[in-house]
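Residue-level structure breakdown
The residues making up each chain are set out below.
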Amino acid sequence: MSIDFYIFVTTNHQNQPLMKRIILVVIVLIALAVVGLNYHVNANFNRSVDADYPIPDIEVQPDSAKLAHGKYLALGPAHCAHCHSPLEGLPEVEQGKEVDMTGGFEFELPIGTLYTPNITSDVETGIGGYSDGQLYRMLRHNVRHDGRICLELMPFFAMSEYDVESIIVYLRSLKPVKQVRPEHDYNFLGKAIRTFAMKASEPSSTPPDYVKRDSTAEYGKYLSEAVANCMGCHTERDLKTGAFVGEPYAGGTVFEDGSTQYWKFVTPNLTPDPETGIISSWSEEQFITRMRGGRVHMTSPMPWGPYSRLDDTDLKALYRFLKTVTPVKRDNAPFVTPPAT
């Protein structure tokens, strides 16, 4: 045995206890970090933001015009009825019937399962006990009545003051229905995102007091991005965080169910690209006809029932706006997996 080898073996043997202690310390530190992270996330994911977003002291004055307009928005372009109706009530919503908005719709997302709440005027289980300020804050900033932040599933932060007030007036008119709905069930990923990344919604500029309804592309842009949320699904986004990761209106967001009844739906490209834009060759009349035609793909997340009730003015405005969007070459087909039935 050479002297060098003897020294190596002896030194390595003497260092073994030290190495074991170092490894043990590292394992303990990692375990403490995991425990600490878990504690911090579970203690803070439901934190209140009342201090940053206090309940505004407002009182909405109802009138017949706001009531009628709010009903049109809630049952049409803002599609409140689609998400805040129970699952068993969706067929009636799609047929144009008015159903009690008692909530119960489930969103199966990577961050957990989210349930829509009861928004009838019931005091105990609905919104009957909330102030106008609490409802306004929810619609404008996605902050609940109790100060907790919601996932941005209702991107109404850029909606005009008149439209927000009209929806509040209409919701106040709904008959009370007592129906308890479960709280959101966030997994650890969802809790972590809520703790470290999720923020209240903020408009990029001061929302207008009133937006005149007409058939122009300008109104179509407002309708698409502040009310109907067309961009929300037809722009690729990360469903873990909600962040947009694709070109506006080029589609590509994937909705899927990983259960034994596997299905997938990919949102189509709405830009006027002549090769891959799904409506690029449609005339205005064809667009209106399709929008009034209702659901074709059962797994499509699009609220076809409410959208089919848009009047000609709104549909023309949407069509004319989509024709102004920057063309993007992106083929998202096949849209449905397995093929539609």
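Above: the structure in question.
A few points on the structure. (Residues numbered from 1 in each chain as written. Predicted model: local features only at pLDDT ≥ 70, side-chain atom pairs only at ≥ 80, totals over all residues. Heavy atoms only, no water.)

**Section: the nonpolar core**
A general tendency of soluble globular proteins is for nonpolar side chains to be buried together. One finds Met101, Val227, Phe287 and Leu322 to be the most contacted residues of the largest nonpolar core, which totals 50 residues. Contributions of two or more residues to this core are made by α2 (64-75), α3 (80-83), α5 (132-141), α6 (161-173), α8 (217-227), α10 (284-293), α11 (304-307) and α12 (312-322). Not counting the four nearest positions on each side in its chain, Phe287 is found in contact with Ile279, Trp282, Leu315, Leu318, Tyr319 and Leu322. Core analysis: the second largest hydrophobic core is formed by 17 residues, Cys83, Phe107, Ile193 and Met198 among them. (Core = buried A, V, L, I, M, F, W, Y, C linked by side-chain atoms within 4.5 Å. Buried < 20%, exposed > 50% of the residue type's maximum accessible area, 1.4 Å probe, protein only. Helix = DSSP H or I, 4+ residues; strand = E, 2+ residues; numbered from the N terminus. Contact = heavy atoms within 4.5 Å.)

**Some details on empty space enclosed by the protein**
Counted by the stated rule, this structure contains 1 cavity of 30 Å³ or more. Of the volumes computed, that of the largest cavity is approximately 40 Å³. Here the residues of the lining of the largest cavity sort into 3 nonpolar, 1 polar and 2 charged. (1 Å grid on protein atoms, 1.4 Å probe; cavity = no way out; pocket = protein on both sides within 12 Å on 5 of 7 lines; lining within 4 Å. Points joined across faces, edges and corners; volume = space filled by probe spheres on them. Nonpolar A, V, L, I, M, F, W, Y, C, P; charged D, E, K, R; others polar.)

**A short note on α8**
Summarising burial for α8: 8 of the 11 residues are buried, a large majority. In this structure, the buried side of α8 is in contact with α2, α6, α9 (230-234) and α12.

**Quick look at the side chain of Asn269**
Mapped onto the secondary structure, Asn269 falls in the loop between β5 (263-266) and α10. Here Thr271 takes part through its backbone nitrogen, which lies 2.8 Å from a polar atom of the side chain of Asn269. If near-sequence neighbours (up to four positions away) are discounted, Asn269 is found in contact with Tyr249, Ala250, Gly251, Thr276, Gly277, Ile278, Val328, Arg330 and Asn332. (Polar contact = N/O pair within 3.5 Å; in protein donor to acceptor, adjacent residues only side chain to side chain.)

**A few points about the pairing of strand β1 (residues 106-109)**
Side chains on a regular strand alternate between the two faces of the sheet. On β1, burial follows the alternation: Phe107 and Leu109 on one face are buried, whereas Glu106 and Glu108 on the facing-out side are not. Adjacent in sequence and paired antiparallel, β1 and strand β2 (residues 112-115) are bridged by 2 residues. (Pairing = 2+ DSSP bridges.)

**Some thoughts on the pairing of β5**
Inspection of the sheet shows strand β4 (residues 254-257) paired to β5 by 4 bridges, in the antiparallel sense. Each residue of the ladder has a partner; that of Glu256, found in β5, is Lys264. Both β5 and strand β6 (residues 336-337) contribute to a ladder of 2 bridges, which runs antiparallel. Bridged to Lys264 within β6 is Thr337.

**Quick look at the layout of surface pockets**
Taken as a whole, the second largest pocket encloses approximately 360 Å³ of empty space. For the lining of the second largest pocket, the secondary structure elements donating two or more residues are α8 and α9. No other element matches the 5 residues that α8 contributes to the lining of the second largest pocket. Looking at the lining of the second largest pocket residue by residue, the classes come out as 10 nonpolar, 6 polar and 4 charged.

**Let's talk about the packing of aromatic side chains**
Taken as a whole and judged by the stated rule, the model has 6 aromatic pairs. Taking the centre distance of 6.4 Å and the plane angle of 70 degrees together, the rings of Phe45 and Tyr186 count as edge-to-face. Here the residue Phe45 occupies a position in the loop between α1 (3-44) and α2, and Tyr186 occupies one in strand β3 (residues 185-186), the gap between them amounting to 141 residues. Here Phe45 and Tyr186 have matching classes, each one buried. Taking 5.0 Å as the distance between ring centres and 45 degrees as the angle between the ring planes, the aromatic pair formed by Phe105 and Phe107 counts as tilted. Overall, Phe107 belongs to the buried group, its relative accessible area being 19%. The ring of Phe244 has Arg237 sitting right over it, with the charged end atom 4.2 Å from the ring centre. The ring of Trp304 is capped by Arg290, whose NZ or CZ atom sits 4.0 Å from the centre of that ring. (Phe/Tyr/Trp six-rings, centres within 6.5 Å; stacked < 30°, edge-to-face > 60°. Lys NZ or Arg CZ within 6 Å of the ring centre and 35° of its normal.)

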